[in-house]
Amino acid sequence: MKTQNSISVFLVDDDNMYLHTLKHYINEKFKSQIKIEAFSSGEECLKKIEQGSGTDMVILDYYLNAESSNAMNGIEVLKKIKQINSEITVIILSAQDKLEIAADSIKYG
C-alpha cells in the first residue's frame, strides 16, 4: 500500500455522499502524499485489513448501520482493528455529543 513518502488511509462511512466528499477533499489537500481506500461498512474495512492489506490510518464513522441494522458500530470496528494490528491509527468521527462515545473511543485506542 505504501509508496515512497505516502501513507495509506482507509475511510469508513455508510453515508456514500459524505464518504466520497471526504475522499475527494483529502485527495485534493494532500495530493500524492496519501493513498485512500473507501469502505461503506466496517466489515468491508476489516476484511481488507485481515487480508494483510496494510494501512497506516483508518478514519471511521461511529454509526455504520445505514445499509444493515446489524452492522458493527465504530467502537466495535475499532476494537477489532486494534486486535489485528495495534499500530494502526484510528480516528473516529461522530456527530454525537455523548461523552460515553468519546470515552470509549479513547479507552479502546
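Going by the structure above, here's the rest.
Only a predicted model underlies this, so the values are computations on that prediction, with no experimental measurement involved.

Conventions and cut-offs
- Residues numbered from 1 in each chain as written.
- Predicted model: local features only at pLDDT ≥ 70, side-chain atom pairs only at ≥ 80, totals over all residues.
- Heavy atoms only, no water.
- Helix = DSSP H or I, 4+ residues; strand = E, 2+ residues; numbered from the N terminus.
- Buried < 20%, exposed > 50% of the residue type's maximum accessible area, 1.4 Å probe, protein only.
- Contact = heavy atoms within 4.5 Å.
- Pairing = 2+ DSSP bridges.
- Axes fitted to C-alpha atoms, helices over the stretch in contact; angles between N-to-C directions.

As for the overall build of the protein chain
What the protein chain contains, in helices and strands, is 4 helices and 4 strands. Tracing the protein chain from N to C terminus, the helices and strands come up as β-α-β-α-β-α-β-α. Buried positions account for 38% of the 109 residues belonging to the protein chain. Of all intrachain contacts in the protein chain linking residues separated by at least 6 positions in sequence, the fraction that spans at least 24 positions is 70%.

Quick look at the sheet that holds strand 4 (residues 89–93)
Sheet architecture is open: 4 strands sit in the order 2-1-3-4, paired in parallel fashion. Bordering the open sheet on either side are strand 2 (34–39) and strand 4, each of which pairs with just one other strand. Going from strand to strand, the sheet's axes swing by 20° on average, the running direction of each strand aside. Judged from the 6 bridges that link them, strand 1 (residues 7–12) and strand 2 form a sheet pairing that is parallel. In the sheet register, Phe-10 faces strand 2, and the bridge partner there is Glu-37. The sheet strands contacting helix 1 (residues 16–30) are strand 1, strand 2, strand 3 (57–61) and strand 4, and the helix crosses strand 2 at an angle near 180°.

Digging into the side chain of Ser-6
Relative to the helices and strands, Ser-6 is located in the segment before strand 1. Its relative accessible area of 6% is what places Ser-6 among the buried residues. The residues contacting Ser-6, other than those within four sequence positions of it, are Ser-32, Gln-33 and Ile-34.

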